[in-house]
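Coordinate inspection notes
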Amino acid sequence: MAEKFPDTRTEAPAYLARYLNRKKAKSNSKSQKEGDDSSWVSRAREKAEARARVETEMDEAPPVRTEGYARVTVSPRELIFPDSYRERMNGTTDVRLIRHGQTQGYGTNAGLTQLGKWQSHRKGQNLARGLKDGSKVVLINADTARARETATGVQEGLMQGIARYKIENIEIIDPFSMENFRNFQVWCDGEEKDPTSAFVKYDTVLEEYERKKSGDRPGWLDEIDRFWKVQAGGGDPIAYWLNQPLQYFEPPAIVVRRFWRGIVKTIKSNQDNENLRVFVCTHSGGIRAVATSAVGHDPGEPHNLEDVRIRVFSDMKNSIITYRGRGTEIEIPTINSPTWYDLSNKD
């Protein structure tokens, strides 16, 4: 660029260069004081990205495989907590809310693409590295084809990773569905459906109304129509759901409490192993609602196979949630039950 246009500046402005130099010097001095933690993370990330680049060239990699997809499931995103937190985190249960892999589409209850299956398998291998000898892994999925196939792929990757890293005495519970971790529900013509199933009904009923040009459309049809038009227009329908008080969609706060009830229930029913890991393969709406309720703002849509990590303390009252480089300690919301969640005596 500079050769073609000699007058074009390619270097940083002086004030920015000085700032970057100060930041670099500060970072170097900090790493020398605190030991090898930061350099370990850098080395791990470099190795992960190198491995991702190599795997894009493997024969079994899908034809559309890219480095960007590889880094989503391979690059480490773990926070380095202070020593005071590390001591408190001893004995916590590790829970991961994992978004499903790339799906064939959202118009029907479709399964994963070949890339999605590869992502799931790779995620399982990555998770295996964090297991200790004698760990117990509970795999749960939402009751949709894409979530089930994701859990199956994660299980296969876990088993391959366990063999590769020679981790011993691991108990893996076969994936099973759990109502607590289903996608948020939509009231659709007298039934509760997940958004994909609701779309099929919506599309059929809407076509009939438009063809006959008669009668008032029901409220549920109007709300679903707005929801899907946000997506069709290139917007973010999950953000719309999180911020709009919809009357025919399950509210985000209810979804968050439902997820937490499932987490607590799963941990209490598997207290026979102190090295318990719970991996839940589900949908972005619920995952994003849990993260949003913890950090106080919407941190954005998780990529395929990206996870929200939750460390639940042994008292079952508090936990630490980490997502995209930010960790937040919260009180588990289900330990309290405000009356407004019970509508039976409100009239």
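Residues numbered from 1 in each chain as written. Predicted model: local features only at pLDDT ≥ 70, side-chain atom pairs only at ≥ 80, totals over all residues. Heavy atoms only, no water.

Glancing now at the overall build of the protein chain. When helices and strands are tallied, the protein chain shows 11 helices and nine strands. By the burial criterion, 44% of the 347 residues in the protein chain qualify as buried. Sequence-distant contacts, at least 24 apart, represent 68% of the contacts inside the protein chain between residues at least 6 apart. Accessible surface computed for the protein chain: about 19,300 Å², of which carbon and sulfur atoms make up 48%. (Helix = DSSP H or I, 4+ residues; strand = E, 2+ residues; numbered from the N terminus. Buried < 20%, exposed > 50% of the residue type's maximum accessible area, 1.4 Å probe, protein only. Contact = heavy atoms within 4.5 Å. Areas by Shrake-Rupley, 256 points an atom, 1.4 Å probe, with all protein chains shown as cover.)

Turning our eyes to something else, we now look at helix α10 (residues 252–268). Taking 1.5 Å of rise per residue, 17 residues should cover 24 Å, and α10 covers 24 Å from first to last C-alpha, within 8% of that figure. Across the 17 residues of α10, 12 count as buried, placing the element largely inside the fold. Those residues of α10 that fall on the buried side of the exposure criterion are Pro 252, Val 255, Val 256, Arg 257, Arg 258, Phe 259, Trp 260, Gly 262, Ile 263, Val 264, Thr 266 and Ile 267. (Expected span 1.5 Å × (residues − 1).)

Taken in spatial order, the seven strands make up an open sheet running β3-β2-β6-β1-β7-β8-β9, and their pairing is mixed. In this open sheet, the two strands that pair with only one neighbour each are β3 (171–177) and β9 (326–331). The mean angle between the axes of side-by-side strands here comes to 20°, regardless of whether they run parallel or antiparallel. Two elements, strand β1 (residues 93–99) and strand β7 (residues 307–312), share six bridges in a ladder whose sense is antiparallel. Across the sheet, Arg 96 pairs through a bridge with Arg 309, a residue of β7. (Pairing = 2+ DSSP bridges. Axes fitted to C-alpha atoms, helices over the stretch in contact; angles between N-to-C directions.)

Following both chains from N to C, one finds α10 and helix α11 (residues 284–295) inclined at 95°, their axes separated by 9 Å at the closest point. As far as their axial angle goes, α11 and α10 are roughly perpendicular. Residues Pro 252, Val 255, Val 256, Phe 259 and Trp 260 of α10 form the contact with α11, whose participating residues are Gly 286, Ile 287, Ala 289, Val 290 and Ser 293. Classifying every residue of the contact of α10 with α11 gives eight nonpolar, two polar and no charged. (Parallel < 35°, antiparallel > 145°, perpendicular 65-115°, else oblique. Nonpolar A, V, L, I, M, F, W, Y, C, P; charged D, E, K, R; others polar.)

Now for the nonpolar core. Counting 47 residues, the largest nonpolar core has Leu 97, Ile 224, Trp 241, Trp 260, Ile 310 and Val 312 as its most contacted members. Leave out the neighbours within four places in its chain, and Ile 310 touches Thr 93, Asp 94, Val 95, Leu 97, Trp 260, Ile 263, Val 290, Ser 319, Ile 320 and Ile 321. Core analysis: the next-biggest nonpolar cluster, separate from the first, contains 14 residues, Leu 127, Val 154, Leu 158 and Leu 305 among them. (Core = buried A, V, L, I, M, F, W, Y, C linked by side-chain atoms within 4.5 Å.)

With that out of the way, let us pick up the pattern of salt bridges. Going through the model one piece at a time under the given rule, you end up with 20 salt bridges. A salt bridge links Lys 136 to Asp 272, with the shortest nitrogen-to-oxygen separation between them at 3.2 Å. Taken together, the residues span a long stretch of sequence, with Lys 136 in strand β2 (residues 136–141) and Asp 272 in the loop between α10 and β6 (276–282) at a distance of 136 residues. A relative accessible area of 6% means that Lys 136 is categorised as buried. Judged by its relative accessible area of 60%, Asp 272 falls in the exposed class. Where Arg 258 meets Glu 250, a salt bridge forms, and the shortest distance between an N and an O atom there is 2.9 Å. By sharing partners, the salt bridges in this structure join Asp 94, Arg 96, Lys 123, Arg 277, Asp 307 and Arg 309 into a single network. (Salt bridge = Lys/Arg side-chain N within 4 Å of Asp/Glu carboxyl O.)

Time to look at the pairing of strand β8 (residues 318–323). For β8, the tally of buried residues reaches five of six residues, placing the bulk of the element in the interior. Pairing between β7 and β8: four bridges, direction antiparallel. Residue Val 312 lies in a different strand from β8, and its bridge partner there is Ser 319. The antiparallel pairing of β7 with β8 creates a hairpin that spans five residues between the two strands, and Met 316 there sits at a positive phi of about 60°. Joining the antiparallel neighbours β8 and β9 is a turn of two residues, in which Arg 324 adopts a positive phi near 55°.

Before going further, it helps to examine unusual backbone geometry. Its identity as a non-glycine residue notwithstanding, Asp 189 has a phi of 55°, on the positive side. When you line up the elements, Asp 189 lands in the loop between β4 (186–188) and β5 (191–193). The backbone of Leu 305 shows a phi angle near 70°, a positive value even though the residue is not glycine. When you line up the elements, Leu 305 lands in the loop between α11 and β7. Relative accessible area serves as the criterion here: at 0%, Leu 305 is assigned to the buried category.

We now examine the packing of aromatic side chains. Evaluation of the coordinates by the stated rule reveals nine aromatic pairs. For the pair Phe 184 and Phe 227, a centre-to-centre distance of 6.2 Å together with 75° between the ring planes defines the contact as edge-to-face. Of the two residues, Phe 184 is situated in the loop between β3 and β4 and Phe 227 in helix α8 (residues 219–232); the sequence distance between them amounts to 43 residues. Take Phe 227: its relative accessible area is 3%, and that puts it in the buried class. Taken together through their ring pairs, the aromatic side chains of Phe 184, Phe 199, Tyr 202, Phe 227, Trp 228, Trp 241 and Phe 249 make up a single cluster. Looking at Arg 257, its charged tip hangs above the ring of Tyr 341, at a distance of 4.2 Å from the centre. (Phe/Tyr/Trp six-rings, centres within 6.5 Å; stacked < 30°, edge-to-face > 60°. Lys NZ or Arg CZ within 6 Å of the ring centre and 35° of its normal.)

Before going further, it helps to examine α8. Between its first and last C-alpha atoms α8 spans 20 Å; for 14 residues at 1.5 Å apiece the expected length is 20 Å, and the two agree. Burial in α8 covers these residues: Trp 220, Leu 221, Glu 223, Ile 224, Asp 225, Phe 227 and Trp 228. Residues of α8 that are buried sit in contact with β4, α7 (195–212) and α9 (237–243).

Geometric values such as these leave the question of function open.
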